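# Tertiary structure, described
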Amino acid sequence: MTHMINIQPRKPRFDLSDVPVFWNDGDPVLTRFFDALSIHFPDGERFFIQSVRNYQDLVTDPKLREDIKNFFRQEAQHGIVHDQYNAVMQSQGIHVEKVIARFKLFIRLSQKHLPAKYLLAMTAAFEHITAVLGEGAMEGEGEMFKNAHPAMRAMFMWHGVEEVEHKTVAFDVYETAAGGGISPAHLL
Ligand SMILES: [Fe+2]
Ligand SMILES: [Fe+2]
């Protein structure tokens, strides 16, 4: 069902000029976990937008139509900001482009060979995961980032808040405009 949370797109700026290599508490594991997410976010989020866009014209509920627009705005902005951070990582010697090239291939093949409804179901599932991660990011007022570089902490907190705000949009589109269903037969 369409939820009543206000989906508010924001355009914050983050000063990433002095982000250290291990920006999360000097801890390689705590840092690279989030770096791995960041590498996949921009193309993943563009994939989510496209998967919902395939069904946008079939959505009749005015609230959901509005939610979709704000979902697009939020995800597009996440992509822009994570691209900026990924460029910082690249400049620090991480092979960001190599990982992204493989991920783009996965997305291209998925879009070529899977039905639109399947892509939307994937999007709803991934949006569930990002909302859970977002909730985790906010837990204890950002406990996971308590000793992180302040701009990185702010970036992941902002992203987390917005993932929670728009968490039901792809699922609502799946359930209404795409016909819904939970068995593999429904995905084709
Ligand atoms: Fe996002
Ligand atoms: Fe999202």
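The structure contained in this document is the topic of the report that follows. The structure presented is a predicted model; accordingly, all values stated were derived computationally and were not measured.

The subject of this paragraph is the overall build of the chain. Helix and strand content of the chain: six helices and zero strands. Seen in sequence order, the chain has helices and strands lined up from the N terminus as α-α-α-α-α-α. Relative to the 2.2 N^0.38 estimate, which gives 16 Å for 188 residues, the radius of gyration of the chain is 17 Å and therefore close to what a compact globule would have. Over its C-alpha atoms, taken along the principal directions, the chain stretches across nearly 45 × 35 × 25 Å. Out of the 188 residues belonging to the chain, those deemed buried represent 46%. The long-range fraction of contacts in the chain, counting pairs at least 24 apart against all pairs at least 6 apart in sequence, stands at 79%. Total accessible area computed for the chain in this model is approximately 10,000 Å², and 61% of it derives from carbon and sulfur atoms. On the chain, the mean spot of the 19 positive side-chain charges and the mean spot of the 24 negative ones are 7 Å from each other.

Before going further, it helps to spend a moment on the coordination of the iron ion (ligand 2). Binding of the iron ion (ligand 2) to the protein goes through E75 (OE), E127 (OE), E127 (OE), E163 (OE), E163 (OE) and H166 (NE2), at separations of 2.0 to 2.8 Å. Of note is the iron ion (ligand 2), whose six donor atoms meet at the metal with angles of 51 to 149° in an arrangement that counts as irregular. For the iron ion (ligand 2), the donor residues sit on a single chain with the sequence spacing E-x51-E-x35-E-x2-H. The metal-metal distance between the iron ion (ligand 2) and the iron ion (ligand 1) comes to 3.8 Å, with E75 coordinating both. With a gap of 91 residues between them, E75 in helix α2 (residues 62-91) and H166 in the loop between α5 (150-165) and α6 (169-175) connect regions that are remote in the sequence. On the accessibility criterion, E75 (1% relative accessible area) is buried. Since its relative accessible area comes to 0%, H166 is described here as buried.

Below, the discussion takes up unusual backbone geometry. Of note, the phi angle at D25 is positive, near 65°, even though the residue is not glycine. Mapped onto the secondary structure, D25 falls in the segment before α1 (28-56). A residue is classified by how much of its surface remains accessible, and D25, at 44% relative accessible area, is partly exposed. Despite not being glycine, E141 shows a phi value in the positive range, around 55°. Relative to the elements of secondary structure, E141 occurs in the loop between α4 (116-138) and α5.

The next thing to look at is the pattern of salt bridges. Under the definition given, this model contains eight salt bridges. In this structure, the salt-bridge partner of E165 is R10, at a minimum N-O distance of 2.7 Å. Here R10 lies in the segment before α1 and E165 lies in helix α5, a separation of 155 residues in the sequence. Ionic pairing is found between R32 and D35, a salt bridge with its closest N-O pair at 2.5 Å. Linking R32 with D35, this pair stays in helix α1, spanning three residues, or about one helical turn.

The rules we used
- Residues numbered from 1 in each chain as written.
- Chains lettered and ligands numbered in written order.
- Predicted model: local features only at pLDDT ≥ 70, side-chain atom pairs only at ≥ 80, totals over all residues.
- Heavy atoms only, no water.
- Helix = DSSP H or I, 4+ residues; strand = E, 2+ residues; numbered from the N terminus.
- Rg over C-alpha atoms; globule rule 2.2 N^0.38 Å.
- Buried < 20%, exposed > 50% of the residue type's maximum accessible area, 1.4 Å probe, protein only.
- Contact = heavy atoms within 4.5 Å.
- Areas by Shrake-Rupley, 256 points an atom, 1.4 Å probe, with all protein chains shown as cover.
- Lys, Arg positive; Asp, Glu negative; His and termini not counted.
- Charge placed at Lys NZ, Arg CZ, Asp CG, Glu CD.
- Donors = N, O, S within 2.8 Å, 3.2 Å for Na, K, Ca; no water.
- Tetrahedral: all angles 85-135°; square planar, octahedral: opposite > 155°, others 65-115°.
- Salt bridge = Lys/Arg side-chain N within 4 Å of Asp/Glu carboxyl O.

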